[in-house]
Amino acid sequence: MQQDGLATRGARAAAPLVLPQPERLALPDGAVQVWELADTQVNPACTRLAHTLAPDERARALAFRHARHCNGYVARRGLLRWLLGGYLHCRPEALRFTISAFGKPVLQWPQARLAFSVSHTDGLALLAFARACCLGVDVERRAGGENIAGVPEFGRGIFSPQEAQRLARARPASADALLSIWTRKEALLKALGMGLSADPSAYTTEDDWQRGAGHWRASRDGTAMSGWSCLDLDAGAEFRAALAVALPDASLTWHRC
Ligand SMILES: CC(C)(COP(=O)(O)OP(=O)(O)OC[C@H]1O[C@@H](n2cnc3c(N)ncnc32)[C@H](O)[C@@H]1OP(=O)(O)O)[C@@H](O)C(=O)NCCC(=O)NCCS
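Here goes a summary of the coordinates provided.

Cut-offs applied
Residues numbered from 1 in each chain as written. Predicted model: local features only at pLDDT ≥ 70, side-chain atom pairs only at ≥ 80, totals over all residues. Heavy atoms only, no water. Phe/Tyr/Trp six-rings, centres within 6.5 Å; stacked < 30°, edge-to-face > 60°. Helix = DSSP H or I, 4+ residues; strand = E, 2+ residues; numbered from the N terminus. Buried < 20%, exposed > 50% of the residue type's maximum accessible area, 1.4 Å probe, protein only. Lys NZ or Arg CZ within 6 Å of the ring centre and 35° of its normal. Pairing = 2+ DSSP bridges. Axes fitted to C-alpha atoms, helices over the stretch in contact; angles between N-to-C directions. Contact = heavy atoms within 4.5 Å. Parallel < 35°, antiparallel > 145°, perpendicular 65-115°, else oblique. Left-handed = near helix turned anticlockwise from the far one by under 90°. Nonpolar A, V, L, I, M, F, W, Y, C, P; charged D, E, K, R; others polar.

### Looking at the packing of aromatic side chains
Scanning the entire structure with this criterion turns up 3 aromatic pairs. Judged by centre distance (5.9 Å) and plane angle (75°), the ring pair of Phe97 and Phe116 falls under edge-to-face. Within this pair, whereas Phe97 is found in strand β2 (residues 96-99), its partner Phe116 is found in strand β4 (residues 114-121), the two being separated by 19 residues in sequence. With respect to class, Phe97 is no different from Phe116; both count as buried. For Arg77, the ring lying beneath its charged end belongs to Phe97, and the centroid distance is 5.0 Å.

As C-alpha cells, then:
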C-alpha cells in the first residue's frame, strides 16, 4: 500500500500474483467459485490491492501487532474486494461492508444477493462466492501427529454425541478425523452466519456416501438439513478444508491468482 505504510510492513518471499481481469469474472446461478491465496502471494497482493481498503479496514490492519497478520488481512480483504468488484461490475474501492451481530462481514453497497465467505490459516486463505444463498468455507492446517489426546474433553460443547463417537472410533489416528469434523462444522456455522456463537454440538456432520467421496451432510438436533451441498475441499496435503452452501446441486470450481 502506498498510504499508511501497510505494504511495507514485513518482507516475505513473493510468488507471482496474476489478478483475474474484472470483466472476465462471471458467477452464474448455482455456481460456487473458490479462490485460493497462498501465503507467498500475500505481499504482492498487498502491494496491488491495499489502496482499495476502506479507512476502517486500514485501521484494523494497522492494529495487528505482527506485520505478517497485518499483511495477510490486507491481502485477503483486497482480493475479496477485487473479486466482488468483478462479479458486481463495480470498482473494488467502492464496495461497502457492514458486520453482522455475529461478526460476519456483509455487503452494504451494492446491495446484491451475492454470498461470500473467507477463511485463512497459516499458509493459505480461501475465498468462496455464490449467488443468492448462504455459504461458508473453512480451512485449517493439518497439525503434526496422528492422535489427539483428550479429544472428548477438548470437544465438549463442540462435537455432537455422534461426532464424539466417530472420533473415539478413529483413535489412535484421530487428528485427521477431528480436523475433518472441525472444518465441516465451521464451514456450516459460517454459512449460517453465527460462527461459534451458535451451539456447535447441536449440529452433526457426517460422510454422505450416497453422493460420493468428499461429500458430507449435516443435521441439526437430529433433523437433516436438506437443500445443501456440503463438500470437503482438496486444498493440498498440508490443509483440511470444507465448504457448505445452501444450494442443492452446487457446481464448484477452484481458482488461483
Ligand atoms: C466465524 C469464526 C468461526 C471464524 O473463526 P476462525 O477459524 O478463527 O477464522 P477463519 O479464518 O476461518 O474465518 C475468519 C473470517 O470469517 C468471517 N466471519 C467472521 N464472523 C463470521 C460469522 N459469524 N459468520 C460467518 N463468517 C464470519 C470473516 O470474514 C473473517 O475474516 P476476516 O477476519 O478476514 O474478516 C469465528 O470468528 C466466530 O465464531 N465468530 C463469531 C463470534 C461472534 O459471535 N462474534 C460477535 C462479536 S463480533
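### Section: the sheet that holds strand β1 (residues 31-38)
Sheet architecture is open: 4 strands sit in the order β4-β5-β1-β12, paired in mixed fashion. Of all strands in the sheet, those with a lone pairing partner are β4 and β12 (251-256), marking the two edges. The mean inter-strand angle of the sheet, taken between neighbouring strand axes irrespective of direction, is 20°. Where β1 meets β12, 6 bridges bridge the pair, whose relative direction is parallel.

### Some words on the sheet that holds strand β11 (residues 239-245)
The 3 strands lie next to each other as β6-β11-β10, forming an open sheet whose pairing is antiparallel. The strands lining the two open edges of the sheet, one partner per strand, are β6 (135-141) and β10 (229-233). Strand-to-strand, the axes of this sheet are offset by a mean angle of 10°, without reference to chain direction. Sheet topology note: the β6/β11 ladder contains 7 bridges and is antiparallel. Each residue of the ladder has a partner; that of Glu140, found in β11, is Arg240. In the packing of helix α6 (residues 174-192) onto the sheet, the strands contacted are β6, β10 and β11, and the crossing angle to β6 comes to about 150°.

### Thoughts on the pairing of β4
Within a regular beta strand, the side chains point alternately toward one face of the sheet and then the other, so they alternate between its two faces. The element β4 is largely enclosed, with a buried count of 6 among its 8 residues. Looking at chain direction, β4 and strand β5 (residues 124-131) are connected through 8 bridges and run antiparallel. Residue pairing across strands places Leu114 opposite Arg131, the latter belonging to β5. Where β4 folds back onto β5 in an antiparallel hairpin, the turn is made up of 2 residues, including Gly123, whose phi is positive at roughly 110°.

### Description of the packing of helix α1 (residues 42-49) against helix α3 (residues 67-88)
Between α1 and α3, whose axes approach to 8 Å, the crossing angle comes to 60°. Put simply, α1 runs oblique to α3. In this structure, α1 meets α3 at a crossing whose hand is left-handed. Contacts between α1 and α3 involve Val42, Asn43, Ala45, Cys46 and Leu49 on the former and, on the latter, Asn71, Gly72, Val74, Ala75, Gly78, Leu79 and Trp82. Here the residues of the contact of α1 with α3 sort into 8 nonpolar, 4 polar and no charged.

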